Amino acid sequence: MTAQPLLDVHDLTVEFTTRRGIVKAVQHVNISVAKGETLGIVGESGSGKSVTSYAVMRILDRAGRIADGSVMFSGIDVKAASENEMRDLRGREISMIFQNPRAALNPIRKVGDQIEDVLRQHVQSAASDRGEKAIEALEQVKIARPRERYHAYPFELSGGMCQRVVIALALACNPQLLIADEPTTGLDVTTQKAVMDLIVELTKRRHMSTILITHDLGLAAAYCDRVVVMEKGRVVETAKSANIFARPEHAYTKKLMRATPRLGVSLRDLLPEEEVLASPRTPAVMAGLDPAIHHSSEGSSKAMDPRVKPAGDETKSPLLLVEKLVKEYPRQGAGAVLSKLFSRKPPVEAEVFRAVDGISFTVGHGESVGLVGESGCGKSTTSMMVMRLLDQTSGRIAFDGEEIGAILPQAFARLPLRKSIQMVFQDPTDSLNPRFTAARAIADPLLQLGDVKGRDALRARCEKLAGLVGLPVDLLDRFPHQLSGGQKARVGIARAIALHPKLVILDEPTAALDVSVQAVVLNLLQDLKASMGMSYLFVSHDLNVVRLLCDRVIVMRAGRIVEQGPSERVLGDPQDAYTKELLTAIPHPPLPVH
Amino acid sequence: MLTMIGKRLMFAIPSLIGVVIVTFLLTRALPGDPAAYFAGPAASKEAIEQIRKKLGFDKPLIEQFLRYANDLAHGDFGTSLTTGQPVATEIRNRLPASAELTLLGLIVSITIAIPLGVLAATRPGSWIDHLCRVTTTAGVSLPVFFTGLVLVYVFYFRLGWSPAPLGRLDVFYSAPPTVTGLYLIDALIAREFETFRSALSQLILPAATLAIFSLAPIARMTRASMLAVLASDFVRTARASGLSPSTVIVTYAFRNAMLPVITTLSMVFSFLLGANVLVEKVFAWPGIGSYAVEALISSDFAPVQGFVLTMAVMYVLLNLVIDILYGVIDPRVRLEG
């Protein structure tokens, strides 16, 4: 490392004033970034990685302040600099790209104007050719037809496109340091790869330094020179990225490494060593539950290996049969949808968009099937139709021998069959009523469709379910905002299994969770499936997770199935070009030495 | 754009027809017998019956309604029984008075409330934030007739700065030639600056009363939506790009925060236009609200129906203006022609 790093964060402590007193979000953090270096900051939520970067740019919100330590950026003391000096630094010397690119752009301002705002602020060009400069910036981030896109609003662009605009915005003034805060979270893997490659290409060409903040070890390993691992506001380990994955030193780094889904491991391998010994915990808890659970005895052995297929299921008819399923939507822009909302006019073109284009698949008894694809491929639409939350345009859905495709979504909610198909939703926070306690949320399906009568019986059932999903009983009376992400996910799962469904549709149930929590939740799902004899339809964009949990996988693209088959075969030896593309786009951390 | 406006107006027709029917039925369902009222307390049964016949109230409802609808179709709103004037003329004379008062009150209110809300949102916890809170609380908790009376007491009775609260113009002036019906504008068009001054001095107190009242919702909405927008991701992006605070607040935050404020404004405006009866009463303002209330009290159907219909039309037009404004500010709801 050179003697004079571009950025030197020394002994940084950041405090937030909250109602419950002062909280130290970041404590005694030391980070340095050399010129031209790419540094990864890795950690789970609450590790203080974003707060550190906000402190570097001094854009902490009102409650936060740098309490201690120093931040030196190429000889400037950021902590002592005046607000005017900082404003000159931001955007011109240090710039930042954010998570959720669509929200990071002003929704009612043309993207070209937003780039020009930055150029104007930092007097990067004469007023006359500012427009050209902005178009050039869009060109550099490889946006097709930049001259047209200049006049586009963020809502008219895709997520990946918006992130390119944010990058263009950040690099417009040729800064020396780029801070990328989870730049690809929420983007598809192929888009993620394109965006990351673009960032690397642009920063390398300009000899810029980059800080990549991410929760994804694979991403950090693939793109960073050095990696800093943070936990609970402290740096626990700093090392060259090649070394840190081969020889993680700190226990937390090891735990993170372990929990990251990757090639050649089973679900159990994701758990910290001490927890593997503790599981499987289910059979003991299950014993107390009612006769609806018939698999409990042989379930325990199966639970050990997620890929043991329930025997004899091939001969029986499948639990779920989907045939030539089609869902069409009238083709409309966002504006047209709104104008329809305000009953302005009917859509002029009767053109339709096929979200789901004639797909057929089956889910067997006790089988878990992964439905994989990038955003907009129709996987969520498919799951909604199976769930009877949405009516299909044509095609057949048979569940357990019964035709359910003809039942209108409104009518299905009142049928006893509704009990048999349940769903776990993507966002554990948004899918819980904030005014319901955990117990009330779990009891909800029991109250609507269940046969449990009386307060005490209901409570006992909730406690049993909580035990089943590993939620401490004393948390049952808490409200969602008093629970952690993992706990909320458990509530969501408990609610879904409350009525002993035969099929559970899991819509990206772990997408919003940290890897270590994800590991636990995935194992829990696996155990529950084995012990309760459920089938899963697992909707996900994360191929590594699907590989771990699912027996079979269906790859979708643009409403069609491009490939399906046993997980090991499809993901180990993909036949379709698109599946291959998906697989190569995943950044893989180097395998740790066992 | 024009086709869109035309379409919107077409869509409004069914609701207007509904308004006509409902007001007709409501006025008939109200307690009180107009015939008895107009015959006077000393009238005999026969006299009342005679008046009833004359007014057409002895006919079946459906026939009364058809006659009413037919008159409406010919632009005839009927005649007020109390004043003997055609309703259309009276509304035409009184609506501008209400509109002028409401508009001025709203303009005053906006020029104070929006900066106040913005400043309060950008400096939470500061004195200006507290000022905003106190003003809005005071604004909603003080009834308009009370603020109106206090203003009259202080500025007319005590200080003598403002003229007597007796209508739109001092008795010594005559109304300017009617162009828009708004005295301030008509006086300027006719270059009668003395009249303008007089009209303005009459307007100030009632307008201030309205402004104090409407200040609260507007300032609150501005503050709340500014706070929400200032906490959003794109404002953080703007700050991280080093944009100046004024650009961040005006170009990035304020324009986005304006959307809910405009909705509030339209609600406040339509509410004030028809509902500021108390202000009109305190200042003897010849507005449309007091006209309607007086008619209602004396079971005078025609003006009530005319009033409701006028307000409905105003509401439709106002909503159209708001929608167009929305489209101007927010490209996501931009109207397709």
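Criteria and thresholds
Residues numbered from 1 in each chain as written. Chains lettered and ligands numbered in written order. Predicted model: local features only at pLDDT ≥ 70, side-chain atom pairs only at ≥ 80, totals over all residues. Helix = DSSP H or I, 4+ residues; strand = E, 2+ residues; numbered from the N terminus. Buried ≥ 20, exposed ≤ 12 C-beta atoms within 10 Å, placed from the backbone. Contact = placed C-beta atoms within 7 Å. UniProt positions renumbered as here; feature names shortened; annotations may be inferred. Core = buried A, V, L, I, M, F, W, Y, C linked by C-beta atoms within 7 Å. Domains from an automatic or database assignment. pLDDT = per-residue confidence, 0-100. Axes fitted to C-alpha atoms, helices over the stretch in contact; angles between N-to-C directions. Parallel < 35°, antiparallel > 145°, perpendicular 65-115°, else oblique. Left-handed = near helix turned anticlockwise from the far one by under 90°. Nonpolar A, V, L, I, M, F, W, Y, C, P; charged D, E, K, R; others polar. Pairing = 2+ DSSP bridges.

Some points on the overall build of chain B
Step number 1: For chain B, the count of helices and strands is 14 helices and zero strands.
Step number 2: Helices and strands appear in chain B in the N-to-C order α-α-α-α-α-α-α-α-α-α-α-α-α-α.
Step number 3: Projected onto its principal axes, the C-alpha coordinates of chain B cover approximately 85 × 55 × 40 Å.
Step number 4: Counting across all 337 residues of chain B, residues that qualify as buried make up 36%.
Step number 5: Taking contacts inside chain B between residues at least 6 apart in sequence as the whole, the part at least 24 apart equals 70%.

A closer look at the UniProt feature "transmembrane region" (unreviewed entry) in chain B
Residue and element names in this part refer to chain B.
Step number 1: As annotated by UniProt and renumbered to match this structure, "transmembrane region" (unreviewed entry) occupies residues 101-122, 134-156, 199-219, 257-279 and 307-329.
Step number 2: Secondary structure content for residues 101-122 is 100% helix and 0% strand, and the end C-alpha separation is 32 Å.
Step number 3: From the first C-alpha to the last, residues 199-219 spans 28 Å; its make-up is 100% helix and 0% strand.

Overview of the nonpolar core
Step number 1: One finds I442(A) and A494(A) to be the most contacted residues of the largest nonpolar core, which totals 219 residues.
Step number 2: When residues of this core are sorted by domain, at least three fall in each of domain 1 (7-260) and domain 2 (427-500) of chain A.
Step number 3: If sequence neighbours within four positions are ignored, A494(A) has contacts with I442(A), L465(A), A466(A), L468(A), V469(A) and L471(A).
Step number 4: Residues V87(B), A292(B), V304(B) and F307(B) belong to the second largest nonpolar core, which totals twelve residues.

Thoughts on the environment of M4(B)
Residue and element names in this part refer to chain B.
Step number 1: Note on placement: M4 falls in helix 1 (residues 2-29).
Step number 2: What makes M4 partly exposed here is the crowd of 18 C-beta atoms within 10 Å.
Step number 3: Considering only alpha carbons, one finds M4 and D233, 229 residues apart in sequence, at a separation of 34 Å.

With respect to the confidence of the model for chain B
Residues and elements named next belong to chain B.
Step number 1: Per-chain confidence: chain B averages 84 in pLDDT, with 98% of residues scoring 70 or above.
Step number 2: Across chain B, helix 10 (residues 233-240) holds the top mean pLDDT of 90, while helix 2 (residues 34-39) sits lowest at 73.
Step number 3: For this predicted complex, the interface confidence score (ipTM) comes to 0.76, while the overall pTM stands at 0.78.

Structural notes on the packing of helix 1 of chain B against helix 4 (residues 61-73) of chain B
Residues and elements named next belong to chain B.
Step number 1: Packing of helix 1 against helix 4 brings their axes to within 11 Å, and their N-to-C directions diverge by 130 degrees. Here helix 1 is positioned oblique relative to helix 4, judged by the angle of their axes. For the element pair helix 1 and helix 4, the recorded crossing hand is right-handed. When helix 1 is examined against helix 4, the residues V20, F24 and R28 are found in contact with a partner set consisting of L61, F65, Y68, A69 and L72.
Step number 2: Residues belonging to the contact of helix 1 with helix 4 are distributed by class as follows: seven nonpolar, no polar and one charged.

A look at the interface of chain B and chain A
Step number 1: Counting residues at the interface gives 26 residues for chain B, matched by 33 residues for chain A.
Step number 2: Of all elements in the fold, only helix 1, helix 10 and helix 11 (245-275) of chain B reach the threshold of two or more residues within the side of chain B that touches chain A.
Step number 3: The element best represented in the side of chain B that touches chain A is helix 10 of chain B, accounting for six residues.

Some points on the sheet that holds strand 10 (residues 234-240) of chain A
All names here are of chain A.
Step number 1: If you walk across this open sheet you meet the six strands as 6-7-8-3-9-10, and the pairing is mixed. Each end of this open sheet is capped by a strand with a single partner; those strands are strand 6 (94-97) and strand 10. Taken pair by pair, the neighbouring strands of this sheet meet at an average axis angle of 20 degrees, ignoring direction.
Step number 2: The sheet contact formed by strand 3 (residues 38-42) and strand 8 (residues 209-214) spans five bridges and is parallel. Across the sheet, residue G40 finds its bridge partner in strand 8, namely L212.

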